[in-house]
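Tertiary structure, described
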Amino acid sequence: MDADSAIPLIDFDQFLNGSTDQREQVASAIDAAFRSVGFLYVSNHGIDQDKVDECFQWSKRFFALSESKKNIIRRPPDKSIYRGYVGVGREKVRERICIKESFDTGNPDEDEQPNLWPPEELLPGFREFMEMFYQECSKLVRQLLDALSIALNLAPADSLAQFHEASLFAMSLLYYPALPTKDLLSGAHTRIPAHSDFGTLTLLFQDDVGGLEIAEPGSANTETSAGFEKEGRFRRVEPKPGTVVVNVGYLLMRWSNGRWKNTVHRVVEPPNSAIGGDEMTPARYSVPFFASPDPTTVVEALPGCWSEEVPRRWKAISAGDYLRRKRQAVYV
């Protein structure tokens, strides 16, 4: 754990390759980070850095295509499929338009949400690489879920990974175009306003531009995203080479009965940006991977997360129904 950072840094190698005691120590460290901050950096996570670097190269090549070519795989306007290309102005958070583009994919074997790919001759090798990288991230999610199950001492029947067997996850390539810095600092435009993720876990690979921030718990009189944006304090999540950022989604917070924090976060101007003049904030690229439970999963407080002294905070809910409502609200 990195003592110089407000966000813990955890070496995952000892969980992947260590003894039983070492695995339990790593699981305990992840538990502590999610209880205190809801975010952590993970190093030695098992995904080769060469693959991460190549993913960013493919992302830049995809977003460099003309708008007409990207729109060949534009997300359907009826919101029936949450896959494909989404242009600037087509995504909103808390009714605010996000100045970014995205390309979203999911499990190659999923029938209800088929992936939309550009023609092979347009980007030869793109689909093959993205499907491979999806599987790499999916494997890491399962390993992290195993660590959380160990932290809670869950019986096999209650282990978290079993509720994610269908791997109905979503991976996004995100591109935030360059903008006048004064527009971001004044609030005229926003990359992503304060929000919290709504699944289980999010993995985030980010470039070296920066701009991700998380809210400090207790810094606002309300726990809402809007409240933190208005009066809360935020701390930066600086890019750390060789790491992936991992954070808790709403459903995991609810599953843990509030044990693990679903922390509000946003993407703003990078550090050391100054208002005024004609300065431009550089483009930013990131690759989030959103894990969520199988749609048939009923999310309710896990064993060990509630008792007579700590009663259940929420009723049981259907993961599928909740996720459909949230996704419908995101896209314009």
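Residues numbered from 1 in each chain as written. Predicted model: local features only at pLDDT ≥ 70, side-chain atom pairs only at ≥ 80, totals over all residues. Heavy atoms only, no water.

An unreviewed UniProt entry lists the chain under the name Fe2OG dioxygenase domain-containing protein, with Letharia lupina given as the organism.

Some words on the sheet that holds strand β2 (residues 39-43)
Across the sheet, 8 strands lie side by side as β1-β2-β13-β10-β16-β7-β6-β3; this open sheet has mixed pairing. Edge strands, defined here as strands with exactly one partner in the open sheet, are β1 (9-11) and β3 (84-86). If you compare each strand with its neighbour and ignore which way they point, the axes differ by 25° on average. In terms of strand pairing, β2 meets strand β13 (residues 243-248) through 5 bridges, oriented antiparallel. Note that in β13 the partner of leucine 40 across the bridge is valine 246. Lying on the sheet, helix α5 (residues 126-151) is in contact with β6 (101-106), β7 (170-176), β10 (201-206), β13 and β16 (284-291); it crosses β10 at an angle near 130°. (Pairing = 2+ DSSP bridges. Helix = DSSP H or I, 4+ residues; strand = E, 2+ residues; numbered from the N terminus. Axes fitted to C-alpha atoms, helices over the stretch in contact; angles between N-to-C directions. Contact = heavy atoms within 4.5 Å.)

Remarks on the environment of phenylalanine 289
For phenylalanine 289, the position within the fold is in strand β16. Taking the relative accessible area as the measure of exposure, phenylalanine 289 reaches 1% and is therefore buried. It is 9.6 Å that separates the C-alpha atoms of phenylalanine 289 and threonine 105, two residues lying 184 residues apart in sequence. Other than its neighbours up to four places away in sequence, phenylalanine 289 contacts Tyr134, Cys137, Ser138, Val141, Phe169, Ala170, Met171, Leu201, Thr202 and Leu203. (Buried < 20%, exposed > 50% of the residue type's maximum accessible area, 1.4 Å probe, protein only.)

A closer look at α5
Taking 1.5 Å of rise per residue, the 26 residues of α5 would be expected to cover 38 Å, and the 38 Å separating its terminal C-alpha atoms lies within 8% of that figure. Asparagine 153 sits one or two residues past α5 and shows a positive phi near 55°. (Expected span 1.5 Å × (residues − 1).)

Digging into the sheet that holds strand β12 (residues 234-236)
A sheet is described by the order of its strands in space; here 4 strands give the open sequence β9-β14-β11-β12, paired in antiparallel fashion. At either margin of the open sheet sits one strand with a lone partner, and together these are β9 (192-195) and β12. Averaged over all pairs of adjacent strands, the angle between their axes in this sheet comes to 20°, without regard to strand direction. The sheet contact formed by β9 and strand β14 (residues 265-267) spans 2 bridges and is antiparallel.

Notes on the packing of helix α2 (residues 20-36) against α5
Taken N-terminus to C-terminus, the directions of α2 and α5 make an angle of 90°; their axes are 8 Å apart at the nearest point. With respect to each other, α2 and α5 are oriented roughly perpendicular. Contacts from Arg23, Glu24, Ala27, Ile30, Asp31 and Phe34 of α2 reach α5 at Leu144, Ala147, Leu148, Ile150 and Ala151. Residue composition of the contact of α2 with α5, by class: 8 nonpolar, no polar and 3 charged. (Parallel < 35°, antiparallel > 145°, perpendicular 65-115°, else oblique. Nonpolar A, V, L, I, M, F, W, Y, C, P; charged D, E, K, R; others polar.)

What about the nonpolar core?
Of all hydrophobic cores here, the largest spans 67 residues; its most connected members are Ile30 and Phe133. A per-element tally of this core places α5 first, with 12 residues. Not counting chain neighbours up to four residues away, the residues in contact with phenylalanine 133 comprise Ile47, Lys51, Val52, Cys55, Met171, Phe205 and Val287. (Core = buried A, V, L, I, M, F, W, Y, C linked by side-chain atoms within 4.5 Å.)

Overview of the packing of aromatic side chains
Tallying each qualifying case throughout the model produces 18 aromatic pairs. Measuring from centroid to centroid gives 5.8 Å for tryptophan 58 and phenylalanine 126, while their planes differ by 55°, and the two rings are tilted. You can see tryptophan 58 sitting in helix α3 (residues 49-63) and its partner phenylalanine 126 sitting in helix α5, a full 68 residues away along the chain. Accessibility assignment for this pair places tryptophan 58 and phenylalanine 126 in one class, buried. When the ring of phenylalanine 103 is compared with that of tryptophan 117, the centres are 5.8 Å apart and the planes differ by 55°; the resulting orientation is tilted. Note that phenylalanine 103 is positioned in strand β6 and tryptophan 117 in the loop between β6 and α5, a separation of 14 residues in sequence. Exposure class is identical for phenylalanine 103 and tryptophan 117. Each is buried. Taken together through their ring pairs, the aromatic side chains of Trp58, Phe62, Phe63, Tyr85, Phe103, Trp117, Phe126, Tyr175 and Tyr285 make up a single cluster. The ring of phenylalanine 15 carries arginine 23 above its face, with NZ or CZ at 4.0 Å from the centroid. (Phe/Tyr/Trp six-rings, centres within 6.5 Å; stacked < 30°, edge-to-face > 60°. Lys NZ or Arg CZ within 6 Å of the ring centre and 35° of its normal.)

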